[in-house]
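# Chains, contacts and geometry: an overview
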Amino acid sequence: DAGVIQSPRHEVTEMGQEVTLRCKPISGHDYLFWYRQTMMQGLELLVYFNNKAVMDDSGMPKDRFSAKMPNASFSTLKIQPSEPRDSAVYFCASSFQASNQPQHFGDGTRLSIL
Amino acid sequence: AQSVTQPDIHITVSEGASLELRCNYSYGATPYLFWYVQSPGQGLQLLLKYFSGDTLVQGIKGFEAEFKRSQSSFNLRKPSVHWSDAAEYFCAAAPNTGNQFYFGTGTSLTVIP
């Protein structure tokens with residue numbers, strides 16, 4: 001079975017540019033999560049969806065980050081404008097039936113903002 | 001406040017030795033508990049989970065974990081580690097009636113020959 005698929009795997013861009021990260025959850029999973037991982041902060045939950053609706057985005061900086069889930073099989077996390085402090089590994093995860101069920105992670109997008 | 005604590009930032013063990021990684025949780029009621037492993041450059045992979053019932057849980061790759069309510073702990077164990085077990089290990093907890101998932105800060109495991 002296909003797991004969670006993220007693209008791109010690596011992204012290097014200059015400060016001020018728009019960055020779009022993409023995620024395809026496991027088919028049938030109705031919860032989708034976006035995390036950011038850094039050495040300093042560890043794993044941080046940015047936002048999560050249930051049936052395409054945002055359930056909690058309290059961890060996401062609203063001024064520059066936006067997350068969407070236009071359909072059950074696709075989600076995006078957009079950063080505009082990007083800043084060097086956004087450099088991190090961004091993970092997407094999905095789960096089935098409830099947010100307290102095991103989450104399945106993608107391999108992440110390593111983002112570097114110069 | 002609800003939280004998950006992994007007291008050990010880094011652990012080094014010799015190949016073939018036993019391993020125990022510690023995890024403590026702070027919840028009003030027994031949460032659902034999980035252990036994940038993250039190899040370099042990869043996402044987190046679920047090792048095992050505890051929802052209820054038998055307090056000793058078996059997982060993949062020869063790992064097991066024991067839930068101890070009295071100690072609010074869910075420690076991960078392996079009787080004999082392999083060099084391929086070198087990775088970052090995360091404990092996580094989620095309320096059994098809720099919608100939040102809490103990860104610990106992780107324990108980095110180094111395995112020496």
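Residues numbered from 1 in each chain as written. Chains lettered and ligands numbered in written order. Predicted model: local features only at pLDDT ≥ 70, side-chain atom pairs only at ≥ 80, totals over all residues. Heavy atoms only, no water.

### A closer look at the overall build of chain B
Each helix and strand counted, chain B has zero helices and 12 strands in total. When its helices and strands are written in sequence order, chain B yields β-β-β-β-β-β-β-β-β-β-β-β. Taken over C-alpha atoms, the radius of gyration comes to 13 Å for chain B, in line with the 13 Å a tight globule of 113 residues would show. Considering only contacts in chain B between residues 6 or more positions apart, those separated by 24 or more positions represent 54%. Split by element, the accessible area of chain B, about 5,400 Å² in all, is 49% carbon and sulfur. Put simply, chain B has 7 plus and 8 minus side-chain charges, and the middle of one group is 5 Å from the middle of the other. (Helix = DSSP H or I, 4+ residues; strand = E, 2+ residues; numbered from the N terminus. Rg over C-alpha atoms; globule rule 2.2 N^0.38 Å. Contact = heavy atoms within 4.5 Å. Areas by Shrake-Rupley, 256 points an atom, 1.4 Å probe, with all protein chains shown as cover. Lys, Arg positive; Asp, Glu negative; His and termini not counted. Charge placed at Lys NZ, Arg CZ, Asp CG, Glu CD.)

### So, the sheet that holds strand S7 (residues 65-71) of chain A
All names here are of chain A. The strand order S1-S3-S8-S7 describes an open sheet built from four strands, whose pairing is antiparallel. The strands lining the two open edges of the sheet, one partner per strand, are strand S1 (5-7) and S7. Taking each pair of neighbouring strands and ignoring which way they run, the sheet shows an average axis angle of 15°. Relative to strand S8 (residues 74-79), S7 runs antiparallel, the two being bridged by five bridges. Across the sheet, Lys-68 pairs through a bridge with Thr-76, a residue of S8. (Pairing = 2+ DSSP bridges. Axes fitted to C-alpha atoms, helices over the stretch in contact; angles between N-to-C directions.)

### Here's the deal with the state of the cysteines
In protein chemistry, a disulfide is the covalent bond that joins the sulfur atoms of two cysteines. Within this structure, the stated rule accounts for two disulfides over all chains. The disulfide partner of A:Cys23 is A:Cys92, and the gap between their sulfur atoms is 1.9 Å. Since a negative S-S torsion denotes a left-handed disulfide, the A:Cys23-A:Cys92 link at about -70° is left-handed. Of this pair, A:Cys23 sits in strand S3 (residues 19-24) while A:Cys92 sits in strand S9 (residues 88-95), and the two are 69 residues apart along the sequence. A:Cys92 shares its class with A:Cys23; the two are buried. The disulfide bridge from B:Cys23 ends at B:Cys91, spanning 1.9 Å between sulfur atoms. (Disulfide = S-S within 2.5 Å. Buried < 20%, exposed > 50% of the residue type's maximum accessible area, 1.4 Å probe, protein only.)

### Brief notes about the interface of chain A and chain B
On the chain B side, the residues contacting the 16 residues of chain A number 21 residues. Joining chain A to chain B, the criterion identifies zero salt bridges. Inspection of the chain A/chain B interface yields three residue pairs in polar contact (both at pLDDT 80 or more). Residue assignment for the side of chain A that touches chain B shows that the elements contributing at least two residues are strand S4 (31-38) and strand S5 (42-50) of chain A. Here the side of chain A that touches chain B gets three residues from one element, more than from any other, and that element is S5(A). Per-class residue counts for the side of chain A that touches chain B are seven nonpolar, six polar and three charged. (Salt bridge = Lys/Arg side-chain N within 4 Å of Asp/Glu carboxyl O. Polar contact = N/O pair within 3.5 Å; in protein donor to acceptor, adjacent residues only side chain to side chain. Nonpolar A, V, L, I, M, F, W, Y, C, P; charged D, E, K, R; others polar.)

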